[in-house]
Amino acid sequence: MKIINRSLIISLATLLLAAVNPASAQKLRVGMECTYAPFNFKTADGVLTGYDVDVSKGVAEILGLDLEYVCQKWDGMIPALLANKFDLIIASMSITEKRKKKILIIGAGPAGANAAISYKNLNPDLVVGLVDKSIFPRDKSCGDAIGPGVISALKRFNNEHILDGEPQVVSTTLYGPDNIGIQNYIPQVKNKDDSIVYVIPRIDLDNRILNLAKDEGVDVYEGYSFVDFTSNEDKSLNVKIKNDNEDLEFLTKILVGADGANSRIRKKLKYEPNSDWHKAIAIRAYIDSPNYLEIFNERTLMFEINVSADKGYAWAFPSKGNLLNIGIGVPVSIFKKDKLDINKLLDNFVLELEGRGVVVENIRKQKSYLLPFASSRPKRNKDFNVALIGDASSMINPMSGEGIFYGMEAGYLLAKNTYNILDTEAISQGIDRYEKEFTKRFRKHYLSCALARLILQSPFMTKRLLRVASNDQDTIDFVVELLFDEAYLTIKEVVKIAYKFLLPSKLLTSLSKN
């Protein structure tokens, strides 16, 4: 004989009174699987029985309604309820061993996928879950350029083979006001083995990195959105995700938010978004250009500063064949102040490209996006064992708008500082160590890039910098290292650059020849 907790039934019935009106309804329609013994199943003679059936009878008795059972497969249970096929579900979902994760990562872009890869390489026995709202391959707005930092992150675990067959970019070309321009080969950066740049559409790159995670044995959930998390007394976390057919709940030691600039986990933590001054808006598009390489004589990354947009910059990056990624971005504060139209800015840049002789064909996949700069990053809430990486943690270079490398490196540093303490009470301290190590490594670099951004927002300073750089190899090399490496300004660098800025152009040219 089953003993049913009557107070539980009364509580359920009380909640249902708000949804089911006995005066207007004759039957209470209850959805259940009908195959899940001992909770709800049919006997040999076809009679529905079980614990859930007894609970439903108690609810109907209190409400004064007749019962109608609707048998429904579990995967379609929530959609059937939303479609009004029944009034309520009486069933349960338990956190099974399969749903227990040592680490659960929301966001399967390069930052999240590399975090998962790092955990599995550091400890192959770890159970790691990786969740993304999209089904891969999926498009992602970005400039698509990846430099020495990303290559280094891939080489750490011997994954650089995913770049095989991609054409290498050999130089950068910078244009400023008055058509001042310089072209420079990418210098040997100080902190990386390779001074190589590739341009790979994110629809391809992200899918390749995600497949690496799958190959490592990471449990991947594509097409699922993050819903909520709650913290338990032992600091473990219950995390809910869902798709169109089902809701899932996981138990995890660490929750990692790698879910981009509009991170739902960041919002759940109640972190303030970056102010308008500390973020940019950009638009990306793809074009075909049969003569881009001919115009520039080689595969070069083209940057345009303070031309198509005042205090903004545009780019044209060549990928495979005739494919180019083009775009333009400006700080949100300026975008709002000047009431700019992002699509018109892109049109202006297309006209500039055509004015340089570049043939522009088949403009497509225009998409705008926000870039939260690393000049303002959120301070961690230590009440939860939750870590943010990548765009969710405002890790974008304030000068270049690049974020892939920083997100991937953050994923590795988080794994390195926590993979061996997941069964201890020291997880929070491990997350703190990750934050401190990342900040120590990149703080001066980010600050230098933020300062460079301020300088480049002035047309006069942009022209002066390009004139100095056109006559001084050290200056242009340093600018490129800010874009592609971890360079930062030292007192010595500041004095050198300030001295060159003050010199008359003719004298600087004369000195450079000597």
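Residue indices begin from 1 for each chain and proceed along its sequence in written order. Reporting of local features is limited, given that this is a predicted model, to residues whose pLDDT is at least 70; pairs of side-chain atoms are given and counted only at 80 or more, and all residues count toward the totals for whole chains, interfaces and linings. In computing side-chain properties, one takes all heavy atoms of the structure into account and sets aside hydrogens as well as water.

Student: Explain the overall build of the chain to me, please; I cannot follow it from the model alone.
Tutor: Across its full length, the chain holds 16 helices and 22 strands. For the chain, the residues scored as buried account for 53% of the 514 residues in total. Two residues form a contact once any of their heavy atoms are found within 4.5 Å. When contacts within the chain are restricted to residue pairs at least 6 apart in sequence, long-range pairs at least 24 apart make up 72% of them. Each accessible area value is a Shrake-Rupley result obtained with a 1.4 Å probe; residue values ignore everything except the protein chains displayed when judging cover. Element-wise, carbon and sulfur atoms account for 51% of the exposed surface of the chain, whose accessible area totals about 23,900 Å². Each helix is a run of DSSP H or I of at least 4 residues and each strand a run of E of at least 2, with the numbering of both proceeding from the N terminus. For each residue, the accessible area found with a 1.4 Å probe, counting protein chains only, is set against the maximum for its type, and the residue is called buried under 20%, exposed over 50%, and partly exposed in between.

Student: What should I look at first to understand a positive patch on the surface in this one?
Tutor: What makes a patch is a set of residues exposed beyond 30% relative accessible area and free of salt bridges, joined within 9 Å when like-charged and within 5 Å when nonpolar (Val, Leu, Ile, Met, Phe, Trp, Tyr). Criterion for a salt bridge: a side-chain nitrogen of Lys or Arg within 4 Å of a carboxyl oxygen of Asp or Glu. His is not counted, nor are the chain ends, whereas Lys and Arg count as positive and Asp and Glu as negative. A charged residue contributes its charge at one atom only: NZ of Lys, CZ of Arg, CG of Asp or CD of Glu. A cluster of like positive charges, contributed by K133, K242, R264, K267 and K367, occupies part of the molecular surface. Turning to its location among the elements, K267 is positioned in helix 7 (residues 264–268). The exposed category is assigned to K267, whose relative accessible area is 58%.

Student: Can you walk me through the pattern of salt bridges in this structure?
Tutor: Pairs may arise between side chains of opposite charge once their charged atoms sit close together. Under the criterion given, the structure shown has 21 salt bridges. D276 is the salt-bridge partner of K336, the closest N and O atoms lying 3.0 Å from each other. Note that K336 is positioned in helix 9 (residues 332–337) and D276 in the loop between helix 7 and strand 17 (279–288), a separation of 60 residues in sequence. Residue K336 is classed as exposed on the basis of its relative accessible area of 52%. Here D276 falls in the partly exposed class, since its relative accessible area comes to 24%. The residue E486 makes a salt bridge to R441 at a minimum N-O spacing of 2.8 Å.

Student: When you look at the packing of aromatic side chains in this model, what are you seeing that I'm missing?
Tutor: Any aromatic ring pair is given by two values, namely how distant the centres are and how the planes are angled relative to each other. Two rings belonging to Phe, Tyr or Trp (six-membered ring only in the last case) form a pair when the distance between their centres is within 6.5 Å. Interplanar angles under 30 degrees mark stacking, angles over 60 mark edge-to-face geometry, and anything in between is tilted. Summed over all chains, the structure comprises 19 aromatic pairs. With 5.1 Å between their ring centres and 70° between their planes, Y221 and F250 make a pair best called edge-to-face. Of this pair, Y221 sits in strand 13 (residues 219–222) while F250 sits in strand 16 (residues 247–257), placing them 29 residues apart in sequence. One aromatic cluster is present, formed by F405, Y406, F438, F442 and Y446 through successive ring pairs. By the criterion adopted, a ring carries a charge over it if an Arg CZ or a Lys NZ lies within 6 Å of its centre and within 35 degrees of its normal. Seen from the ring of Y175, R356 lies directly overhead, with NZ or CZ sitting 3.6 Å from the centre. For the cation-ring pair, R453 lies above W277, with the distance from its terminal atom to the ring centre recorded as 4.3 Å.

Student: Hey, could you run me through the state of the cysteines in this one?
Tutor: Should the sulfur atoms of two cysteines be covalently bonded, the bond is a disulfide. The disulfide criterion used throughout: a pair of cysteine sulfur atoms within 2.5 Å. Inspection of the entire model under this criterion finds one disulfide. A sulfur-sulfur separation of 2.1 Å characterises the disulfide bridge that pairs C34 with C71. With the S-S bond torsion at -90°, the cross-link from C34 to C71 turns out left-handed. Highlighted residues: C34 in the loop between strand 1 (27–32) and strand 2 (35–36) and C71 in strand 5 (residues 66–71), separated in sequence by 37 residues. C34 gets classed as buried once you look at its relative accessible area, which sits at 5%.

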